[in-house]
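Given next are the chains, with one letter for each unit.
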Amino acid sequence: MSRLSQAEKVQPDWLGKTLAGIILGLALSFGLVGLFAWLGSDGLTQTISVEKHSWRTQFNMWMVSPIWLLILSFVFMFKNYKQAVLWLGGANIVVYVLLYFVRGMA
Amino acid sequence: MKIRADILRIYQSVHTWTGITTGLLLFIGFFAGAITMFASSIDKWATPPSHQLSQVETTQYDELLRRAFVQYPESQNGIRVSFEEGQSPITWYQQGNARGLSLDKQLWHGTLNESGELEAHTSYINELSSLVDYLHRSAGIAGEIGHDQAGVYVLGVAAILYFVALVSGVIFLLPTLVKSFFALRDKKGASRFWLDTHNLIGITSLPFHIIIAITVIVFAFHDFLYDGLGKLYGDKPLFGREAPSAVEFKVENLPSIEEIMEKARAYAPEHQIKEITLSRLNSKGPSASIQLVSDEHLMRGPKTDFLFMNPYTFEISTSSVMNGDQGIWGAVVTTLFGLHFGSYGGEFGRWAYFIMGILGAVLFYTGNLLWLEKRRKQKQPEQSKSSRVMGKLTIGVAMGSLLGVAAAFALTKWTALTTMNINVVYMWVYYLCFGFTLIAAFVIGMSKTAIWSQRAIAILCFSLPLTSVIAFAIPSLGIWPATAWSSIGLELTAMILGVIFWRMADKTKHRAYNGEANSIWFIGQHKTECELQTQSV
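Definitions and limits used
Numbering of residues starts from 1 in every chain and runs along the sequence as written. Ligands are numbered from 1 and chains lettered from A, in the order in which they are written. Where totals are concerned, whole chains, interfaces and linings use all residues; where local detail is concerned, this predicted model gives features only for residues with pLDDT of at least 70, and gives and counts side-chain atom pairs only at 80 or more. Counting from the N terminus, the helices are the DSSP runs of H or I reaching at least four residues and the strands are the DSSP runs of E reaching at least two. Using C-alpha atoms as the atom set, the radius of gyration is obtained and then compared with a globule rule of 2.2 Å times the number of residues to the power 0.38. Exposed residues have 12 or fewer other C-beta atoms within 10 Å of their own C-beta, buried residues have 20 or more, and partly exposed residues fall in between, where C-beta atoms are placed from the backbone. Whether two residues are in contact is decided by their C-beta atoms, placed from the backbone, lying within 7 Å. Geometry is summarised by axes, namely lines fitted to C-alpha atoms with helices restricted to the contacting stretch, and by angles between N-to-C directions that run from 0 to 180 degrees. By the definition adopted for this analysis, an angle is roughly parallel if under 35 degrees, roughly antiparallel if over 145, roughly perpendicular if from 65 to 115, and oblique otherwise. Working rule for handedness: look at the near helix, and if it is turned counterclockwise from the far one by less than a right angle, call the crossing left-handed; if clockwise, right-handed. Just so you know the grouping, Ala, Val, Leu, Ile, Met, Phe, Trp, Tyr, Cys and Pro go in nonpolar, Asp, Glu, Lys and Arg go in charged, and all remaining residues, Gly too, go in polar. UniProt positions are given in the numbering used here, feature names are shortened, and annotations may be inferred rather than shown by experiment. Only buried Ala, Val, Leu, Ile, Met, Phe, Trp, Tyr and Cys residues enter a nonpolar core, and they are joined through C-beta atoms within 7 Å. Whether two strands pair depends on DSSP finding at least two bridges between them. Expected span, for any helix, means 1.5 Å times one less than how many residues it has.

Draft legend 1. Structural view of the overall build of chain A. A tally of helices and strands in chain A yields three helices and zero strands. Secondary structure elements in chain A, listed N-terminal to C-terminal, are α-α-α. Its C-alpha radius of gyration of 18 Å places chain A more than 25% over the 13 Å reference for a compact globule of 106 residues. A burial count over chain A gives 41% of its 106 residues as buried. Contacts spanning at least 24 positions in sequence make up 85% of the contacts within chain A whose residues lie at least 6 apart.

Draft legend 2. Representation of the packing of helix 1 (residues 5-36) of chain B against helix 11 (residues 385-415) of chain B within the structure. Residues and elements named next belong to chain B. At a minimum axis distance of 10 Å, the contact between helix 1 and helix 11 shows a crossing angle of 20°. Considered as vectors, helix 1 and helix 11 are oriented roughly parallel to each other. Classified by chirality, the crossing of helix 11 by helix 1 is right-handed. Across from L24, F27, I28, F31 and A32 in helix 1, the residues of helix 11 making contact are L393, T394, V397, A398, S401, L402 and V405. Each residue belonging to the contact of helix 1 with helix 11 can be placed in one class, and the counts come to 10 nonpolar, two polar and no charged.

Draft legend 3. Highlighting the packing of helix 11 of chain B against helix 13 (residues 446-473) of chain B. All names here are of chain B. Contact geometry for helix 11 and helix 13: axes closest at 9 Å, N-to-C directions at 20°. Regarding the angle of helix 11 to helix 13, the classification is roughly parallel. Crossing geometry of helix 11 relative to helix 13 is assigned as left-handed. Between helix 11, through G391, K392, I395, G396, M399, L402, L403, A406, A407, F409, A410 and K413, and helix 13, the contact on the second element is made entirely by M446, T449, A450, S453, Q454, A456, I457, L460, C461, S463, L464 and T467. Looking at side-chain class alone, the contact of helix 11 with helix 13 contains 15 nonpolar, seven polar and two charged residues.

Draft legend 4. Region of interest: the UniProt feature "transmembrane region" (unreviewed entry) in chain A. Residues and elements named next belong to chain A. Look at the UniProt record and you will see "transmembrane region" (unreviewed entry) annotated at residues 20-39, 59-78 and 84-102. Annotation note: span residues 59-78, helix share 80%, strand share 0%, distance between end C-alpha atoms 30 Å. Across residues 84-102, helical content stands at 100% and strand content at 0%; the span's end C-alpha atoms are separated by 27 Å.

Draft legend 5. A look at the interface of chain A and chain B. The interface of chain A with chain B comprises 32 residues on the first partner and 36 residues on the second. Within the residue set of the side of chain A that touches chain B, elements represented by two or more residues are helix 1 (14-39) and helix 2 (50-74) of chain A. Sorting elements by how many residues they give to the side of chain A that touches chain B places helix 2 of chain A first, with 19 residues. Here the residues of the side of chain A that touches chain B are counted per class, giving 17 nonpolar, nine polar and six charged.

Draft legend 6. Up close: the nonpolar core. Residue and element names in this part refer to chain B. F27 and A406 are the most contacted members of the largest nonpolar core, which has 128 residues in total. Sequence-distant contacts of F27, that is, excluding residues within four places in its chain, are made with A361, F364, Y365 and A398. Of all hydrophobic cores here, the second largest spans 26 residues; its members include I79, I90, L292 and I316.

Draft legend 7. Layout of the pairing of strand 10 (residues 316-319) of chain B. Residues and elements named next belong to chain B. Bridge analysis of strand 9 (residues 305-309) against strand 10 gives three bridges, and the strand direction is antiparallel. Within strand 10, the position partnered with L307 by the bridge is S319. Where strand 9 folds back onto strand 10 in an antiparallel hairpin, the turn is made up of six residues, including F314, whose phi is positive at roughly 65°.

Draft legend 8. Molecular detail of the environment of A:L70. Within the element layout of this structure, A:L70 appears in helix 2. Residue classification places A:L70 among the partly exposed residues on the basis of 16 C-beta atoms within 10 Å.

Draft legend 9. View of unusual backbone geometry. With phi around 55°, A:D42 is a residue other than glycine that occupies positive phi space. On the basis of neighbour count, A:D42 is assigned to the partly exposed category, with 16 C-beta atoms found within 10 Å. One non-glycine residue, B:F314, lies in the positive phi region at around 65°. In this structure B:F314 comes out as partly exposed when scored by C-beta crowding, with 16 C-beta atoms within 10 Å.

Draft legend 10. Just the pairing of strand 1 (residues 78-82) of chain B, in detail. All names here are of chain B. Taken across its five residues, strand 1 has four buried, putting it largely inside the fold. Where strand 1 meets strand 7 (residues 272-279), five bridges bridge the pair, whose relative direction is antiparallel. By the bridge assignment, I79 is partnered in strand 7 with L278.

Draft legend 11. Region of interest: helix 11 of chain B. Between its terminal C-alpha atoms helix 11 of chain B stretches 42 Å, which fits the 45 Å expected from 31 residues at 1.5 Å a residue. Burial runs high along helix 11 of chain B: 23 of the 31 residues are buried.

See below:
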C-alpha cells in the first residue's frame, strides 16, 4: 500500500467529531425514528388498538439508541470534523424537512 | 482484511480511551449481573426457613385473602399471592413496596393455621440478591437522581462508551482477526496472553455484549428517550389510555382467585402461574399483575412474563405473552428485554448467562491489564505515574467489590444469629471491604493488596460450605445448612471460585516476587548488575 500523504490521511479531530456524533447523531437518530413512527407500518396516521400503539411506541423508543450508537461509532471515519458536521448536518436537514411535511399532511 | 493504517490508529485510540474510562465500572456491573442470574436461589439460600410460612390448599386462597383484608386493611392496596412451594402463600408490605432497595422494608407473611385462622408475622426480608442487583445496576455508586439511583445513569453513560469500545475494538482487530483468533499464546509473555484472552472473549461474546450495551442505555435513559419521542409525535399521545372505569370497585366483590387464574390460563396456556399481585382493590383502577413462568419461552422480565388484568372484569390490558394485539413490536421489545435478562432456556440459560457475565468481567479486567502492560517501561524499574495509579485502581476496585460481595455472602447465616437488620449489615460490610481494599492498594501497593485480597476472597468462598458443615455438626447453633439442590449448588460454586482465587493469588505472588523486575507488579529484590551477569553466563 502506498503511503498516504498528510493531506489524504483521516484526521483525528477528537472534539469536533465526538460532538458531531453525539449531538447531530442523536438528532438524526430521533429524526429517522420519527419518520418511521409516522410512515412505517402501524404508524401514527393509522388507527390501531391502544395495546398495539403502546408496544409500537416502546419499539420506537428502543430504536433510537442503536442508530445513534452506530453513527457515534463510525463518525471517526469522516476525513475531518468539517466533513462530519456537513454530512450529518445535511442529513438532519433532509430528515426533519421530510418529517415536517409528513406531519403537516397527517 | 485490510484497513488503512490511519483509520486503524484512530480506532485504536478510541478503543483505549473508551475502554480504560469504563472498564472498572463495567467490571462490577458484569460480575454482579452474573450473580443475579441466580437471585431466587440466593434468596432461598440466605433466608432462614422459619421466615416462610407453609403453603395452603388451592381452595383456601380466597378464605385466606378475605381474612387478611379484614384484619389488615392496608393489604387491600397491594397483596401478593404466591403459589410456589417454600414461599408464604400471601405477603404484603406494611411500608414501602417491592421496588427498589430499601433496608427496612417490613414484609408481612400470612397463612392459615390448622384451625383455619389467619396466622401472620412480619420479618425483614433478606436483601442479599437485591444488594447484588443494586451493585449490578449502579456499580455501588450511591445517591439518587430523580426516581433512579445515580449509579444507573453513570452506568448508562458507561454503556454508551462501551458500545463505541466494542465497535472500535472489532475494527482494529479485523486485520489480524483470522490469523490470531484462536491463538492463546501463553509462552510469549504476559502481554500476549492477556491480549489473546481479551480478543477471544470479546469476539466470541460480541452479540451478547452489543445487546447488553443497548439495553443498559435504554434502561438508564428511557425517560429522556420518551420525552424526545413525544416531541416527534406532536399531538399524538405516546401511550393511549383505555377509558377509565366509571365505577369504583369494592374489595367485597372481588372474584375468586381461581376465576382470575382461569382467565390467565386461557390467555397463556403454556405458562405456569407463579404469583398474582393484587393492587388498588378499592379504586377505579384495580389491577392484578400476574407473573407467568415458562422455560420454553423467552420471557420479558428477569424471571417471569407478566399479564395485567382488571381482577373484577377480567379485562386484560396487556401482556408480554404474545397472544393479544401486540403486533411484531411487542415481540421485538420483549425479546430485547429477555436477551438482557437471560430469562429463556431455564436452568441452562441461567448458567450460560452466568458464564458470559463472568467472562465479561474478565474482558474488562484483562483490558485494564493490557493497558498496563502496554505502558510498561521494559528497560527501567521506575514506572510512569499513570500506570501506577491505574494499577492500584484496577486492583482496589475489582478486588474490593469482589471481596465485599464475598463477605456479604459469608456473613449471611452468622448474622441471622443476632438481632441485627441483615440488610444494614450487608451495606456496611460491602462498603467497608470495598473502601478498605481500595485504600490498601494505594497505601501498601497493588501487588500486596492483590495477593491478600485474592486469598481473603478464596477463604470467604470456602467458608460457605464450611458453614453448612458446622451447621450439620452443631445443630444447636441454630444455623440452617444448605439442603435444597440449588443451595448446595451455590456452595459448590463458591468452593470452585475459592480454588480459582487461591490460584490467582499464587500466580500474582509469583509475578510480584519472581517476575520481570521492570514492572508495576514487582516488589521483590532487585538483582544487582553482577548477579544478572552471572545469570546470563
